[in-house]
Amino acid sequence: MTTLPASGYDVRFLVDGTLDESVVLPTVEQITGRAPRTFARWARDHADAFR
């Protein structure tokens, strides 16, 4: 499958809706000082903002 490295956008998501999030980088923790959280965790933590 084709990936556009200049934009970092994975075309597979547009083509078949899959998203490979298996590569985990330490960037979030390096910048924020906190471990990253999953989208599911973020959604639970912020669910009230969408009700």
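Since the structure is predicted, the reported quantities are computational estimates derived from the model, not experimental observations.

Caption draft 1: Local environment of the overall build of the protein. A count of helices and strands for the protein gives three helices and two strands. Counting the 51 residues in the protein, one finds 4% classified as buried. For the protein, the accessible surface area stands at approximately 4,800 Å², while carbon and sulfur atoms represent 59% of it.

Caption draft 2: Representation of a nonpolar patch on the surface. Side chains of Phe13, Leu14, Val15 and Leu19 sit close together on the surface and give an oily, nonpolar patch of about 410 Å² of accessible area. Inspection of the secondary structure puts Val15 in helix 1 (residues 11–16). The exposed category is assigned to Val15, whose relative accessible area is 55%.

Caption draft 3: Summary view of the packing of aromatic side chains. A complete count under the given rule lists two aromatic pairs for this structure. Following the ring pairs from residue to residue traces out a cluster consisting of Phe39, Trp42 and Phe50.

Caption draft 4: Fine view of the environment of Trp42. Along the polypeptide, Trp42 turns up in helix 3 (residues 39–46). The contacts of Trp42, once residues within four sequence positions are left out, are Arg37 and Phe50.

Caption draft 5: Representation of the pattern of salt bridges. Taken as a whole and judged by the stated rule, the model has three salt bridges. Two residues, Arg41 and Asp45, come together in a salt bridge whose shortest N-O distance is 3.1 Å. With Arg41 and Asp45 both in helix 3, this residue pair falls four residues apart, about one helical turn. Look at Asp45 and you get partly exposed, because its relative accessible area is 40%.

Caption draft 6: Focus on the environment of Asp48. With respect to the helices and strands, the residue Asp48 is situated in the segment after helix 3. We classify Asp48 as exposed; its relative accessible area is 61%. Within polar-contact distance, the side chain of Asp48 engages the side chain of Arg51 at 2.9 Å.

Each value, and the rule that gives it
- Residues numbered from 1 in each chain as written.
- Predicted model: local features only at pLDDT ≥ 70, side-chain atom pairs only at ≥ 80, totals over all residues.
- Heavy atoms only, no water.
- Helix = DSSP H or I, 4+ residues; strand = E, 2+ residues; numbered from the N terminus.
- Buried < 20%, exposed > 50% of the residue type's maximum accessible area, 1.4 Å probe, protein only.
- Areas by Shrake-Rupley, 256 points an atom, 1.4 Å probe, with all protein chains shown as cover.
- Patch = residues over 30% accessible without salt bridge, like charges linked within 9 Å, V, L, I, M, F, W, Y side chains within 5 Å.
- Salt bridge = Lys/Arg side-chain N within 4 Å of Asp/Glu carboxyl O.
- Phe/Tyr/Trp six-rings, centres within 6.5 Å; stacked < 30°, edge-to-face > 60°.
- Contact = heavy atoms within 4.5 Å.
- Polar contact = N/O pair within 3.5 Å; in protein donor to acceptor, adjacent residues only side chain to side chain.

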